[in-house]
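So you can see what is in the structure, the chains are spelled out below.
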Amino acid sequence: MNEPQRKAMDLVSYLTERKDFDAISKEQITDAYELIIHYEWGIAVENLMEVLYEQDFIWDEKGLRIARDAWQAAGLDGHTWKSFIITES
């Protein structure tokens, strides 16, 4: 597994391990996993972030770090990922 794949898998793992996780369906997680193993990690990360944003998902510090790392490892625009982030004030 290469670094972008590992970072994308870290994001999926983080999301499925959160106790309050209900923003993404099991089907969406499966779709992300399939994209990641077929070397489409950028699409997987972007799709996950978009769905989470639409669900008003609240990120904690650990999640922010994992999301940022996955986004950057996938080679996506470094400034765009912040538009998908909602944190508690």
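One can find the structure itself at the top, above this paragraph.
Report on the accompanying structure.

Criteria and thresholds
- Residues numbered from 1 in each chain as written.
- Predicted model: local features only at pLDDT ≥ 70, side-chain atom pairs only at ≥ 80, totals over all residues.
- Heavy atoms only, no water.
- Axes fitted to C-alpha atoms, helices over the stretch in contact; angles between N-to-C directions.
- Helix = DSSP H or I, 4+ residues; strand = E, 2+ residues; numbered from the N terminus.
- Parallel < 35°, antiparallel > 145°, perpendicular 65-115°, else oblique.
- Left-handed = near helix turned anticlockwise from the far one by under 90°.
- Contact = heavy atoms within 4.5 Å.
- Nonpolar A, V, L, I, M, F, W, Y, C, P; charged D, E, K, R; others polar.
- Salt bridge = Lys/Arg side-chain N within 4 Å of Asp/Glu carboxyl O.
- Buried < 20%, exposed > 50% of the residue type's maximum accessible area, 1.4 Å probe, protein only.
- Core = buried A, V, L, I, M, F, W, Y, C linked by side-chain atoms within 4.5 Å.

**Re the packing of helix α1 (residues 3-17) against helix α4 (residues 61-73)**
At their nearest, the axes of α1 and α4 sit 8 Å apart, and the two run at 150° to each other. Here α1 is positioned roughly antiparallel relative to α4, judged by the angle of their axes. As for how α1 packs across α4, the hand of that crossing is left-handed. Note on element contacts: α4 touches α1 through Lys 62, Gly 63, Ile 66, Ala 67, Asp 69, Ala 70 and Ala 73, opposite Glu 3, Pro 4, Lys 7, Ala 8, Asp 10, Leu 11 and Tyr 14. Across the contact of α1 with α4, the residue classes tally to 8 nonpolar, 1 polar and 5 charged.

**Some remarks on the side chain of Lys 7**
Along the chain, Lys 7 turns up in helix α1. Among all residues touching Lys 7, those that are not within four sequence positions of it are Asp 69, Ala 70 and Ala 73.

**A look at the environment of Ile 36**
One can find Ile 36 in helix α2 (residues 26-37). Considering only alpha carbons, one finds Ile 36 and Val 12, 24 residues apart in sequence, at a separation of 9.8 Å.

**Brief notes about the pattern of salt bridges**
Across all of its chains, the model carries 3 salt bridges by this definition. A salt bridge links Arg 68 to Asp 69, with the nearest nitrogen and oxygen atoms 3.5 Å apart. A single network of salt bridges, built from pairs that share partners, joins Lys 7, Arg 68 and Asp 69.

**Some thoughts on unusual backbone geometry**
You will see that Tyr 39, though not glycine, has its phi angle at about 65°, which is positive. Looking at the secondary structure, you find Tyr 39 in the loop between α2 and α3 (41-54). Unusually for a residue other than glycine, Asp 56 sits at a positive phi of about 55°. Assignment of secondary structure puts Asp 56 in the loop between α3 and α4. Here Asp 56 falls in the exposed class, since its relative accessible area comes to 54%.

**What about the nonpolar core?**
Counting 26 residues, the largest nonpolar core has Leu 11, Leu 15, Leu 48, Met 49 and Trp 59 as the members making the most contacts within it. Elements supplying a minimum of two residues to this core: α1, α2, α3 and α4. Considering each element in turn, this core owes the most residues, 7 residues, to α3.

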